[in-house]
Amino acid sequence: MRLSGRNLKCVRGGREVFSGLDLSAAAGEALAVTGPNGAGKTSLLRVLAGLLVPAEGTVALEGGDAELSLPEQAHYLGHRDALKPALSVAENLSFWREFLGGKTEDAGRCLTAVALDHAAHLPAAYLSAGQRRRLSIARLLSVRRPVWLLDEPTSALDAAGQALFVGLMRDHLASGGLIVAATHLPLGIDARDLRIGGAA
Amino acid sequence: MSALGALIRRDIRIALRVGGGALIGVLFFLTVTVLMPFAVGPDLALLSRLGPAILWLGALLASLLTLDRLFTADHEDGSLDLIVMSRTPLELACAAKALAHWIAAGLPLIIATPVLGLLLNLDGTATLAVAATLLAGTPALTFTGMIGAALAVTLHRGGLLLAVLVLPLSIPVLIFGVAASQAAISGPLPFGTPFSILCALSLASLVIGPFAAAASLRHGLD
């Protein structure tokens, strides 16, 4: 399996964010997208997720499920965590697990994996920023998808949470997944660097 | 199908929880209808003549009140991104969201109608007629309103815009809804004629609404 982008160009609000960008990642590989603020890291991830249409260029996933498009085989972990404050932790997770479908994991096990099992019945409104992030990460575990698109995945996580997430990413890569992560901080795993934007 | 079921269950659950839209819609409907007799005066004949129109206007405004959050809430917390990316066709997801909205916010209005009919001096048949037209007509309000709600996603603070966009679309529904109620109460038209057109409006919007909303969401995501 190989995720590749050729000659990608992205225009936002009439301003060119990046152009002529090539990227490639094979199964078991992680790509760390770095660059200054406003360089287009989030835009690149949203292009890969099919949420933004590139002005030029193409994105392709070779060797995946031929029936499904790239976005349908990808998890997107964005700045916004897609949690409903009125629903409990367990309800939030089980909704996404049912809605995303495909190969699913037991919801309770996923909550244990991110150390949130003690808060399963708490409404998501009462979670801290770090706990919300942990719950979003549980979503990635609850449904098996080969491609993870992560936008600042470790923001708001404490040291234990970061270590935990590094382990989860390692497991994902070891099971043949691939990761594209936009980040300012070192990911903590072996990752190829993809630098976009100016030399800053 | 289980994905759509999950989406419908989630939306209904959120609407029924504290701060959800279901109760607010009914309370607003109640307020509008209760205020009318005070504004119109204690003329019972006039009230019962205006009754169906008042109930319809109240239902229209109440459904509009909660409709603007249909997609903006999901857009703000990022859920919409995941819904767009998912294996469920966006058209079906839109239809499921509208259906959930109708169940949580539209049905309670219809259930409240008999109680409010009393306040407007409507007799049993008249109340039943209004409730029947609301049952047939409110899906049209929800499914056409959904188009406006989808457009409002791309324009920040689009709540007021929603009213401007959606109200003209709901005029035919209002005309035939009130006409059918009046026909049942006083004639001379048979009830069936305007009621069939009302049903036709609902069925047409059931088809057009999801496609238009999905197209608008796809175009507007950034």
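Further up the page is the structure itself.
A brief look at the structure comes next. On a predicted model such as this, the values are computed, not experimentally measured, just so you know. (Residues numbered from 1 in each chain as written. Chains lettered and ligands numbered in written order. Predicted model: local features only at pLDDT ≥ 70, side-chain atom pairs only at ≥ 80, totals over all residues.)

1. Looking at the overall build of chain B
Then, number 1: When you go through chain B residue by residue, the secondary structure sums to 10 helices and zero strands.
Then, number 2: For chain B, whose C-alpha radius of gyration is 18 Å, the value lies close to the compact-globule estimate of 17 Å for 222 residues.
Then, number 3: In chain B, buried positions account for 50% of the 222 residues.
Then, number 4: Across chain B, contacts joining residues at least 24 apart in sequence account for 79% of those joining residues at least 6 apart. (Helix = DSSP H or I, 4+ residues; strand = E, 2+ residues; numbered from the N terminus. Rg over C-alpha atoms; globule rule 2.2 N^0.38 Å. Buried ≥ 20, exposed ≤ 12 C-beta atoms within 10 Å, placed from the backbone. Contact = placed C-beta atoms within 7 Å.)

2. Observations concerning the overall build of chain A
Then, number 1: The secondary structure content of chain A amounts to five helices and eight strands.
Then, number 2: Of the regular secondary structure in chain A, the N- to C-terminal order runs β-β-β-α-β-β-α-α-α-β-α-β-β.
Then, number 3: Here the C-alpha atoms of chain A give a radius of gyration of 17 Å, agreeing with the 16 Å that 2.2 N^0.38 yields for 200 residues.
Then, number 4: Principal-axis analysis of the C-alpha atoms places the extent of chain A at approximately 50 × 40 × 30 Å.
Then, number 5: The buried share of chain A, taken over its 200 residues, is 44%.
Then, number 6: For chain A, contacts bridging at least 24 residues in sequence account for 73% of all contacts bridging at least 6.

3. Notes on the interface of chain A and chain B
Then, number 1: At the interface, 22 residues of chain A touch 21 residues of chain B.
Then, number 2: Secondary structure elements with two or more residues in the side of chain A that touches chain B: strand S5 (74-77) and helix H2 (89-100) of chain A.
Then, number 3: With four residues, H2(A) is the largest single contributor of residues to the side of chain A that touches chain B.
Then, number 4: The residue inventory of the side of chain A that touches chain B, partitioned by class, reads 14 nonpolar, three polar and five charged. (Nonpolar A, V, L, I, M, F, W, Y, C, P; charged D, E, K, R; others polar.)

4. With respect to helix H1 (residues 2-16) of chain B
Then, number 1: For H1(B), which comprises 15 residues, the first-to-last C-alpha distance of 21 Å matches the rise-based estimate of 21 Å (1.5 Å per residue) to within 8%.
Then, number 2: Listed as buried for H1(B) are B:Ala3, B:Ala6, B:Leu7, B:Arg10, B:Asp11, B:Ile14 and B:Ala15. Taken around the axis of H1(B), the buried residues stretch over an arc of 160°, which confines them to a single face. Pointing more than 90 degrees away from the buried face of H1(B) are the exposed residues B:Ser2 and B:Gly5.
Then, number 3: Close packing links the buried residues of H1(B) with H2 of chain A together with helix H2 (21-40) and helix H6 (90-119) of chain B. (Expected span 1.5 Å × (residues − 1). Arc of directions from axis to C-beta.)

5. Some remarks on the sheet that holds strand S4 (residues 56-62) of chain A
Through backbone hydrogen bonds, the strands of a sheet pair up, either in parallel or in antiparallel fashion.
Residue and element names in this part refer to chain A.
Then, number 1: As summarised here, the arrangement of the three strands in space is S2-S1-S4, forming an open sheet in which the pairing is antiparallel. Each edge of the sheet is formed by a strand with only one pairing partner; in this case those strands are strand S2 (15-26) and S4. When the angles between neighbouring strand axes are averaged without regard to direction, this sheet yields 15°.
Then, number 2: Alignment of strand S1 (residues 2-12) against S2, held across eight bridges, turns out to be antiparallel. The partner of Leu8 across the bridge, within S2, is Leu21. (Pairing = 2+ DSSP bridges. Axes fitted to C-alpha atoms, helices over the stretch in contact; angles between N-to-C directions.)

6. What to know about the packing of helix H3 (residues 44-67) of chain B against helix H7 (residues 124-154) of chain B
Residues and elements named next belong to chain B.
Then, number 1: Running from amino to carboxyl end, H3 crosses H7 at an angle of 30°, the nearest separation of the two axes being 10 Å. Our classification of the angle between H3 and H7 gives roughly parallel. H7 is crossed by H3, and the crossing has right-handed handedness. Of the residues in H7, those in contact with Gly51, Pro52, Leu55, Ala59, Leu60, Ser63, Leu64 and Leu67 of H3 are Ala126, Val130, Leu134, Thr138, Leu141, Thr142, Gly145 and Ala149.
Then, number 2: Across the contact of H3 with H7, the residue classes tally to 11 nonpolar, five polar and no charged. (Parallel < 35°, antiparallel > 145°, perpendicular 65-115°, else oblique. Left-handed = near helix turned anticlockwise from the far one by under 90°.)

7. Focus: the environment of B:Val178
Residue and element names in this part refer to chain B.
Then, number 1: Mapped onto the elements of the fold, Val178 is located in helix H9 (residues 171-186).
Then, number 2: Sequence spacing of Val178 and Leu65 is 113 residues, and the spatial spacing of their C-alpha atoms is 20 Å.
Then, number 3: If sequence neighbours within four positions are ignored, Val178 has contacts with Pro52, Ala53 and Trp56.

8. Remarks on the nonpolar core
Then, number 1: Judged by nonpolar contacts, the single largest core of 122 residues is most densely connected at A:Ala138, A:Leu149, A:Ala181, B:Met146 and B:Ala150.
Then, number 2: Here the element with the most residues in this core is H7(B); it accounts for 15 residues.
Then, number 3: Once residues within four sequence positions are removed from consideration, A:Leu149 is found in contact with A:Leu45, A:Leu48, A:Ala49, A:Ala74, A:His75, A:Tyr76 and A:Val180. (Core = buried A, V, L, I, M, F, W, Y, C linked by C-beta atoms within 7 Å.)

9. Focus on the environment of A:Asp106
Then, number 1: Along the polypeptide, A:Asp106 turns up in the loop between H2 and helix H3 (107-113).
Then, number 2: Placed 42 residues apart in sequence, A:Asp106 and A:Trp148 show a C-alpha to C-alpha distance of 19 Å.

10. Comments concerning H2(A)
Then, number 1: Between the first and last C-alpha of H2(A) there are 17 Å, a value that for 12 residues agrees with the 16 Å anticipated at 1.5 Å per step.
Then, number 2: Burial analysis of H2(A) places 10 of its 12 residues in the buried class, which makes it a mostly covered element.
Then, number 3: Taken as a whole, H2(A) has its buried residues at A:Val89, A:Asn92, A:Leu93, A:Ser94, A:Phe95, A:Trp96, A:Arg97, A:Glu98, A:Phe99 and A:Leu100.
Then, number 4: Packed against the buried residues of H2(A) are H3 and helix H4 (129-142) of chain A together with H1 of chain B.

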